[in-house]
2 protein chains.
Amino acid sequence: MRHFFLFLLSLPLILAGQTKTPFDYVDPLIGTQRMGHVYPGATVPFGMVQLSPDTDTIPYEVNGKYNPDVYKYCAGYQYDDKTIVGFSHTHFSGTGHSDLGDFLIMPTLGKLQLNPGMADNPLSGYRSTFSHKNEDAHPGYYKVLLDEGPIVAEMTATDRVGIHKYTFQQAGPAHIILDMIHGIYNYDGKNVWSFVQVIDDYTVVGYRQTNGWARTRLVYFAMRFSKPFKHYGCTDYDGPRVYRGFWRKFDQSDNFPELAGKKLRLHFDFDVTRGESIEIQMALSPVSTAGALFNLGSESSGKTFDELKAEAKKKWESELNKVTMEGSESDKVNFYTALYHTFLSPILYQDGDGKYRGLDQNIHQAKGFKNYTIFSLWDTYRALHPWFNIIQPSRNQDMIRSMMAHYQQSAMHMLPVWSHYANENWCMIGYHSVSVIADAVAKDVYKGNVQELLDACVKTARNRRYDGLGDYMDKGYIPEDKSSSSVSKVLEYAYDDWCIMTLAKKLGKYDIQKEFTERSRNFSKVFDPQSGYMRPRLSDGSFKQDFDPLDTHGQGFIEGNSLNYSLYVPHDVPALVMMLGGKAKFEKYLDNLFDNHLPDKYFEKTEDITREGIIGSYVHGNEPSHHIAYLYNWTGSYWKTQEKVRLILNNQYRNGPDGLSGNDDCGQMSAWYLFSSMGFYPVCPGSDQYMLGSPLVESVTIHLENGKTFSVKTKNQGPQNIYVKKVTWQGFPWNERYITHAMIQSGGELVFEMDSKPPKK
Amino acid sequence: MRHFFLFLLSLPLILAGQTKTPFDYVDPLIGTQRMGHVYPGATVPFGMVQLSPDTDTIPYEVNGKYNPDVYKYCAGYQYDDKTIVGFSHTHFSGTGHSDLGDFLIMPTLGKLQLNPGMADNPLSGYRSTFSHKNEDAHPGYYKVLLDEGPIVAEMTATDRVGIHKYTFQQAGPAHIILDMIHGIYNYDGKNVWSFVQVIDDYTVVGYRQTNGWARTRLVYFAMRFSKPFKHYGCTDYDGPRVYRGFWRKFDQSDNFPELAGKKLRLHFDFDVTRGESIEIQMALSPVSTAGALFNLGSESSGKTFDELKAEAKKKWESELNKVTMEGSESDKVNFYTALYHTFLSPILYQDGDGKYRGLDQNIHQAKGFKNYTIFSLWDTYRALHPWFNIIQPSRNQDMIRSMMAHYQQSAMHMLPVWSHYANENWCMIGYHSVSVIADAVAKDVYKGNVQELLDACVKTARNRRYDGLGDYMDKGYIPEDKSSSSVSKVLEYAYDDWCIMTLAKKLGKYDIQKEFTERSRNFSKVFDPQSGYMRPRLSDGSFKQDFDPLDTHGQGFIEGNSLNYSLYVPHDVPALVMMLGGKAKFEKYLDNLFDNHLPDKYFEKTEDITREGIIGSYVHGNEPSHHIAYLYNWTGSYWKTQEKVRLILNNQYRNGPDGLSGNDDCGQMSAWYLFSSMGFYPVCPGSDQYMLGSPLVESVTIHLENGKTFSVKTKNQGPQNIYVKKVTWQGFPWNERYITHAMIQSGGELVFEMDSKPPKK
């Protein structure tokens, strides 16, 4: 159905004889159903504003208990929902936990209703039903018809401003609701404070302060209407309190310009004619309402919706056109949508004047870099940041500088683990900033002082308080009885330590190199030769009994089972192959992983793993296994990598709203697609090598920041021709199982000659 | 007793033959018992830090209801209490409502107890008993022996830093508790958020955000210990919550450097030897922890407690020595303590670099002025700001500039009404900023653009939403059924409007002059000729029935009864005299006021009025009557002003902790004392006249900012010689009932010849 719909959409272009551009192929609705957790709304590349519809108001808690229904709403939007609650300005792209959803705006016609209402009775509140047939989503632009009204809602964005355009299909009393309570992963008490000032009958400023995934989070706004409101009002939904101060003197519900509290909903009232549009520009700032007004003034003031929509399109074209891909129409949709998804986060996190809120909650001035936030590092160190080293090297350098600023502002003296909006949220494990840093240094993307980076990495990796790290440093492993998910931690620390080693080695810091070389070998300490798996150990040194390598629940692994996680030694695959019994046994282990069905019971309580994301027992829908298909390169049967990669590309990424088999995780799932569809993948970030697989594309050309062009071409490409017969580089045979970053950077042509049969061993 | 104690204190000075200085006469403990609501702790003149002991933890609410016991604790300290809970850094001086009490610090020895404990069982918590005999308070210095420990606690201050010195009288484990929950007028939920970072083992920063009298209030700190703590910890007293985020990974109670929540108490642990001292410097900032660190670095870092104590003394001497008074020892104590009290607020409200938080919650840079806060204007326009026009003209000009900044940042487009810490709290009535402005302009103290001031005053006075102002503008009165305390509002608006008129007149703005001249006559609209009193009117224009001019409860007046308030027409006393039936009847009205006993039932529910503050039916303990004693000047019997003023001076101001008969109200009660004891008083601020009374002093010399000297001398002064026989100015007879500000500013000598008998009519 969806596919057909896309075809219809593209029909006019085809009929007009125009060539479709990368922009045209992007479908922001892909991944909005169930597990993708991406949002369909309007944003510009790496923009601070993500203005997108939220389709429900599921709370994080019900009756004081975690509400598992909330998980679907990490990005605010679920494709199967029938109603839209409104349009909020901040969204994560693809995460598996959430926050944000700030400053929900909803237009209504007729009687004012200040509550959102229920999904099964949308008329009971300000929400509206909608149909996907009346929905249109492109990079930087989202449009939907709200059935109640009806009202056509359109939105676009600049870096820091969300632009709304509401066109009322009937004359009458209209309301623009500003819901300051609304949020994603909301719970009672999440709103710590909010503050609103009505400056004049066009302009409103304020902030929302929350205690959620980000513990101490502040977002400021300044909004301006294209038409003066004739009246406005506010309701404070906070329960009765004795202390409300002398503000009780005023009727604050009616045309009152200064409001503060925990649960505010405002409405701005207009009379509209049929077909009349009201535009709203809402600027955000991490600093202050003054900062938001500055951003409004410098980015959007005086421009119409259509002008700003055109600017957003131009920004997207400029980024998306960096890569030109040839392939099937369906693959182009997948490819360019993946490309789009990799340009959604981290996001810019500073005002136009370079001021931003730091981890210490102080306001800092970014000097010589742009500050970014949303570092989902457990996910994104794997392929997204390596992808940036090819396609966005300057931004990636700024992201590393942003991480360093975080480090300098950290009372814990640590680089970010999972950080958003001037907060460390400590989600997941490891200290994978060091991988991002090591990869950028190895690939010569980072141009600054490497010694500073090494110092920060070492300080981070020596923080004994952090997540079992004291035991890890003392024993080389973490007792599962002292710190759960202990094996995952050891395996990832060992890899991260190898990354630090590469930095020390480059700088000739022998002591540090030695220390972290030793630490990088700790993966062997959690390998149980008897069972043949990575296995948790206890304080007494023994391996945990009652161990099931298939189970993801409470077995010493995080969001994964031992079967998958036992393959996580990206920095020393030869050692891993030896541990698992040599090449033949290792190959058999991989075969079993892909072939044996994993029953639901082994992962049904792990939110981030679902049936859709699994092939056999291989879990693609979550990150720890993303390198695994490439491990056949270390066996005799490297052609199996080609088989598996193509299987995954076709099985796990689809056109259509359900097109992502798991959380996109800030672009990591999409970055896997981009690399793999081009025929190579960074199995071990921090090294300069990409392991070869099997390209899906017919060709890809990347326009590098250094002005050069790197391209991948295929000969004899086809759905059945998944095996690589021959590789040439610059016309010469290339017989390695990898290519290097230097090759890409030098520009040139990598040609894969495809075949329908595997090569002879 | 207290008197005797003071005598003992001063004995060494007398024995040494030294002359006591103004500094020596100040007794910060005066007014700390019951109603004065001043604090005894350490501060510098107009300093941002008021580091003072809090003697209990009375909450604003008990079981969801207002707790009347809290009223005594407006300044945190009550003289009759037996325990000290700790030392917090911010206190109002003399207010009748409260807030603040930020960052309570308490030293303990022995077992750690993190709760404050109960007054009747101090051993149950960290509080300690203390005795007044072990207490020593001077300007800028406070010392007390904490019985538990025992520990000698000393404190001093700079503009923005509170300096603690704790000397442990026993060796053992010592703890410095930092209670982030504690506050004055606290209630459950008042702490909106708090945030603490331990930077190193000397340094801690953080902030406290509250929703109290100030609706959206943030105070930042940076503290540094003189000795590294060997361990620290924190308890979050917030109840169980589902959502605590991934911070649950960490044991945040123990040596954990980054803390946030609503109810945090921290402890810093040391081993101390007997007699060892630990010093703490705690800097505040309205801006950020970075601002607090800046203030710490620029004001106190590297200096010892004793050095900073000496600096504080020097600052006080420099301010207090501006006035030299001769009189009885007891009067000197009252006089210089009053002088001290008038230099406690408004307080400086900006970092050392001029940055401050504005009413819009944005950070502003003060350019060309210093920013002040705590404007208790309903009180202080009467005599405190007029006093500043003599003794602190530069500061008063900066205060007006601070008010103008408030106006520019106000979403309500109003000058401050009652403002503190970047908040308008809307306490009390009127828009008395205009009086402060008009008085400074009339007296040529304000050197800037007067047109800007007038614009702000007019905009403020035309805000129809404000407190009955719409009706006032339409009808000339406010219906009591629509807005309570309506008569007080009309009378005060009328006076304020007269102030605005004077500005318009000066600038030749005839239309505005006319508009506000008319408004200034509105006092006549609430005068009921039948009863002979100011009396509330209703929407239909009729006077309210069931009217009792003696009652302060619900009769159309705020913190006063009609009997007192009917005399409030400071800008047109001749008209008032006529309304009340002419000079003779007016005099009789005044006589009755001073002579007739007012039974308790008429004021027992009005917190700000107590028996101690009443003479007959004249209420001196609260502000609305402060001009009344001077009104005899408009009768034939002006000598009765002399009688009443001396009566009030002697009856309402005493040496000793109970020495203030009512709230000092940020220095207004004390400013009344200073003026009246010198023999004149600003009955109508905004005019340049001071009405003459009866000086209590033998002589006073004021060293003016312009380098000139103004002095008052008396001849034949004595306790019985309360009548003024003759006044001379510069040696020539002065026959007016007033002097002018220009006379004071020109320098010179005003001589009162006193007599024991009233002059002949």
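Since this is a predicted model, take the numbers as computed values, not measurements.

### Regarding the side chain of B:Asn67
All names here are of chain B.
- With respect to the secondary-structure elements, Asn67 resides in the loop between strand S3 (65-66) and strand S4 (83-84).
- Note on Asn67: relative accessible area 9%, which makes it buried.
- Within polar-contact distance, the side chain of Asn67 engages the backbone oxygen of Pro59 at 2.9 Å.
- The residues contacting Asn67, other than those within four sequence positions of it, are Ile58, Pro59, Tyr60, Glu61 and Val62.

### Quick word on the domain arrangement of chain A
Residue and element names in this part refer to chain A.
- Taken domain by domain, chain A holds domain 1 (28-318) and domain 2 (360-463).
- Inter-centroid distance (C-alpha atoms) of domain 1 to domain 2 is 30 Å.
- On the side of domain 2, 14 residues touch domain 1, which itself brings 17 residues to the contact.
- Summed over both sides, the interface between domain 1 and domain 2 buries roughly 1,200 Å², with carbon and sulfur atoms accounting for 69% of that surface.
- On inspection of domain 1 and its partner domain 2, the count reaches zero salt bridges.
- Counting every contact that joins domain 1 to domain 2 gives five residue pairs in polar contact (both at pLDDT 80 or more).
- The residue makeup of the side of domain 1 that touches domain 2, split by class, is 10 nonpolar, four polar and three charged.

### Let's talk about the side chain of B:His741
All names here are of chain B.
- In this structure, His741 sits in helix H19 (residues 741-746).
- Classification of His741 as buried rests on a relative accessible area of 2%.
- In contact with His741, not counting residues within four places along its chain, are Asn389, Ile390, Lys443, Val445, Asp688 and Tyr690.

### Some details on the interface of chain A and chain B
- Counting residues at the interface gives 57 residues for chain A, matched by 57 residues for chain B.
- Contact between chain A and chain B buries roughly 5,100 Å² in total, counting both sides, with carbon and sulfur atoms accounting for 54%.
- Where chain A packs against chain B, one counts two salt bridges.
- As a salt-bridge pair, A:Lys249 and B:Asp467 come within 3.6 Å of each other at their nearest N and O atoms.
- Counting across the interface, chain A meets chain B through 29 residue pairs in polar contact (both at pLDDT 80 or more).
- At five residues, the largest contribution of residues to the side of chain A that touches chain B is made by strand S13 (residues 191-198) of chain A.
- Broken down by class, the residue content of the side of chain A that touches chain B amounts to 27 nonpolar, 17 polar and 13 charged.

### Side note on a positive patch on the surface
- On the surface, A:Lys715, A:Lys725, A:Lys726 and A:Lys757 cluster together into a positively charged patch.
- Judged by its relative accessible area of 55%, A:Lys757 is exposed.

### Here we look at the packing of aromatic side chains
Residue and element names in this part refer to chain A.
- Enumeration over the complete set of coordinates arrives at 115 aromatic pairs over all chains.
- An aromatic cluster of three or more residues is present, and its members are Trp387, Tyr630, Tyr653, Trp672, Tyr673, Phe675, Phe680, Tyr681, Tyr690, Phe710 and Trp729.
- Of note, Arg217 hangs over the ring of Tyr421, and the distance from its end group to the ring centre comes to 4.4 Å.
- Over the ring of Phe543 we find Arg537, and its NZ or CZ is 5.5 Å from the ring centre.

### As for the relation of the copies chain A and chain B
- Superposing chain A onto chain B requires a rotation of 180° together with a translation of 0.0 Å along the rotation axis, leaving an RMSD of 0.0 Å. The superposition operator between the copies reduces to a two-fold rotation axis. Every residue of chain A has its C-alpha some distance from the rotation axis, and the shortest such distance is that of A:Val192, at 3.1 Å.

### Points about unusual backbone geometry
Residues and elements named next belong to chain A.
- With an omega of -5°, the peptide bond running from Ser345 to Pro346 counts as cis.
- Tracing the chain through its elements places Pro346 in the loop between helix H5 (329-342) and strand S21 (347-348).
- Phi angles above zero are rare outside glycine, and Asp467 is one such case at about 40°.
- Residue class for Asp467 comes out buried when judged on its relative accessible area of 10%.

### Description of the sheet that holds strand S37 (residues 738-740) of chain B
- Pairing is antiparallel in the open sheet, where three strands are placed in the order S31-S32-S37 (chain B). Each of the sheet's edge strands pairs with one partner strand only, and the pair in question is strand S31 (680-681) and S37 of chain B.

### Observations concerning the pairing of strand S12 (residues 172-179) of chain B
All names here are of chain B.
- For S12, the tally of buried residues reaches seven of eight residues, placing the bulk of the element in the interior.
- Bridging between strand S6 (residues 104-109) and S12 involves six bridges; their strand directions are antiparallel. Each bridged residue has a counterpart across the sheet, and for Thr108 the counterpart in S12 is His175.
- Pairing of S12 with strand S18 (residues 264-272), which is carried by eight bridges, proceeds in the antiparallel orientation. When the bridges of S18 are listed, Gly172 appears paired with Val272.

### A word on the packing of helix H8 (residues 393-409) of chain A against helix H10 (residues 450-461) of chain A
Residue and element names in this part refer to chain A.
- Contact pair H8 / H10: the axes reach a minimum separation of 11 Å and the direction vectors enclose 50°. Judged by the inter-axis angle, H8 sits oblique to H10. By crossing handedness, the relation of H8 to H10 is classed as left-handed. Residue-level inspection shows Ile400, Met404 and Tyr407 of H8 in contact with H10, the latter providing Glu452, Leu453, Asp455, Ala456, Lys459 and Thr460.
- Class assignment for the residues of the contact of H8 with H10 results in five nonpolar, one polar and three charged.

### Brief notes about the pattern of salt bridges
- All told, the structure shown has 65 salt bridges over all chains when counted by the stated rule.
- Between A:Lys190 and A:Asp99 there is a salt bridge whose closest N-O contact spans 2.6 Å. One end of the pair, A:Lys190, is in the loop between strand S12 (172-179) and S13; the other, A:Asp99, is in the loop between strand S5 (86-88) and strand S6 (104-109), and 91 residues separate them in sequence.
- Given the relative accessible area of 1%, A:Lys190 is considered buried.
- Notably, a salt bridge pairs B:Asp497 with B:Arg519, separated by 2.9 Å at the nearest N-O pair. Of the two residues, B:Asp497 is situated in helix H12 (residues 486-507) and B:Arg519 in helix H13 (residues 510-520); the sequence distance between them amounts to 22 residues. Of the two residues, B:Asp497 and B:Arg519, neither departs from the other in class, the shared state being buried.
- Beyond isolated ion pairs, a larger network of salt bridges with shared partners links A:Arg462, A:Asp497, A:Glu515 and A:Arg519.

### Some words on the packing of H10(A) against helix H13 (residues 510-520) of chain A
Residues and elements named next belong to chain A.
- Between H10 and H13, whose axes approach to 12 Å, the crossing angle comes to 45°. Between H10 and H13, the angle is such that the two are oblique. Considering only the axes of H10 and H13, their crossing is left-handed. Listed contacts from H13 to Leu454, Val458 and Ala461 of H10 are Ile512, Phe516 and Arg519.
- Taken together, the residues of the contact of H10 with H13 sort by class into five nonpolar, no polar and one charged.

### A look at the pairing of strand S33 (residues 699-703) of chain B
Residues and elements named next belong to chain B.
- Judged by how many residues are buried, S33 sits mostly within the fold: four of five residues are covered.
- By the bridge criterion, four bridges tie strand S20 (residues 323-326) to S33 in an arrangement that is antiparallel. If you follow Met325 over to S33, its bridge partner there is Val700.
- Bridge analysis of S33 against strand S34 (residues 709-715) gives five bridges, and the strand direction is antiparallel. Pairing of Thr701 across the sheet is with Ser711, part of S34.
- As consecutive antiparallel partners, S33 and S34 are separated by five residues, and within that stretch Gly707 has a phi angle of approximately 95°, a positive value.

### Overview of the nonpolar core
- Ranked by internal contacts, the top residues of the largest apolar core, which has 437 residues, are A:Phe87, A:Phe268, A:Trp387, A:Phe680, B:Phe87, B:Trp387 and B:Phe680.
- Those residues in contact with B:Phe680 that sit more than four places away from it in its chain are B:Ile390, B:Tyr630, B:Phe675, B:Tyr690, B:Met691, B:Leu692, B:Gly693, B:Phe710, B:Val712, B:Ile739, B:Ile744 and B:Leu750.
- Ranked by size, the runner-up nonpolar core spans 14 residues in total, among them A:Tyr207, A:Leu218, B:Phe195 and B:Tyr220.

### Regarding H13(A)
Residues and elements named next belong to chain A.
- Among the residues of H13, those classed as buried are Ile512, Gln513, Phe516, Thr517, Arg519 and Ser520. Looking straight down H13, one finds that the buried residues subtend no more than 160° of arc, so they occupy a single side. Away from the buried face of H13 by more than 90 degrees, exposed residues Tyr510 and Asp511 are located.

### Here's the deal with the state of the cysteines
- Throughout the structure, instances matching the rule amount to zero disulfides over all chains.
- Of the cysteine sulfurs around A:Cys457, a residue in no disulfide, the closest is that of A:Cys499, at 8.6 Å.
- Relative accessible area serves as the criterion here: at 0%, A:Cys457 is assigned to the buried category.
- For the unlinked cysteine B:Cys666, the closest cysteine sulfur is that of B:Cys427, found at 10 Å.

Criteria and cut-off values
- Just so you know, the residues in each chain are numbered from 1, in the order the chain's sequence is written.
- Naming scheme: in the order in which they are written, chains are lettered from A and ligands are numbered from 1.
- Local features in this predicted model are restricted to residues whose pLDDT is 70 or higher, and side-chain atom pairs enter the listing and the counts only when it is 80 or higher, whereas totals over whole chains, interfaces and linings include all residues.
- Note that water and hydrogens are dropped before the side-chain values are worked out from all heavy atoms of the structure.
- Numbering of helices and strands runs from the N terminus, with a helix taken as a DSSP run of H or I at least four residues long and a strand as a DSSP run of E at least two residues long.
- Note on classification: 1.4 Å probe, protein chains only; a residue is buried when its accessible area is under 20% of the maximum for its type, exposed when over 50%, partly exposed between these limits.
- In protein, a polar contact means a hydrogen-donor-capable atom and an acceptor-capable atom, both N or O and within 3.5 Å, with residues adjacent in sequence counting only if both atoms are side-chain atoms; elsewhere, any N or O pair within 3.5 Å suffices.
- Pairs of residues are marked as contacts when any of their non-hydrogen atoms sit within 4.5 Å.
- Where each domain starts and ends follows an automatic or database-derived domain assignment.
- What gets called buried area is simply the loss in accessible area from a 1.4 Å probe that two parts show on being joined, summed for both.
- Note on definitions: salt bridges are taken to be side-chain nitrogens of Lys or Arg within 4 Å of carboxyl oxygens of Asp or Glu.
- Ten residue types, Ala, Val, Leu, Ile, Met, Phe, Trp, Tyr, Cys and Pro, are classed as nonpolar, four, Asp, Glu, Lys and Arg, as charged, and the remainder, Gly among them, as polar.
- Patch criteria: residues need more than 30% relative accessible area and no salt bridge. Like-charged residues are merged within 9 Å; nonpolar side chains of Val, Leu, Ile, Met, Phe, Trp and Tyr are merged within 5 Å.
- The Shrake-Rupley method, run with a 1.4 Å probe sphere, supplies the accessible areas, and residue values consider only the shown protein chains as cover.
- Only four residue types enter the tally: Lys and Arg on the positive side, Asp and Glu on the negative side, with His and both chain ends excluded.
- Here the site of a charge means atom NZ of a Lys, CZ of an Arg, CG of an Asp or CD of a Glu.
- Stacked, edge-to-face and tilted are the three classes for Phe, Tyr and Trp ring pairs, Trp counted by its six-membered ring, which pair at centre distances within 6.5 Å; planes under 30 degrees apart are stacked, over 60 edge-to-face, the rest tilted.
- Placement of a charge over a ring requires the Lys NZ or Arg CZ to be within 6 Å of the ring centre, with the centre-to-atom vector within 35 degrees of the ring normal.
- Only residues with pLDDT of at least 70 in both copies contribute their C-alpha atoms to the least-squares superposition of the copies.
- Should DSSP find at least two bridges between two strands, the strands are regarded as paired.
- The axes used here are C-alpha line fits, helices contributing only the stretch in contact, and every angle between their N-to-C directions lies in the interval 0 to 180 degrees.
- Note on angle classes: values under 35 degrees are labelled roughly parallel, values over 145 roughly antiparallel, values of 65 to 115 roughly perpendicular, and the remainder oblique.
- When the near helix sits turned anticlockwise from the far one by under a right angle, the crossing is termed left-handed; a clockwise turn instead gives a right-handed crossing.
- By nonpolar core is meant a set of buried Ala, Val, Leu, Ile, Met, Phe, Trp, Tyr and Cys residues that side-chain atoms within 4.5 Å join together.
- Picture the helix axis, draw a direction to every C-beta atom, and the arc is the one those directions span.
- Cysteine sulfur atoms are paired as a disulfide whenever they come within 2.5 Å of each other.

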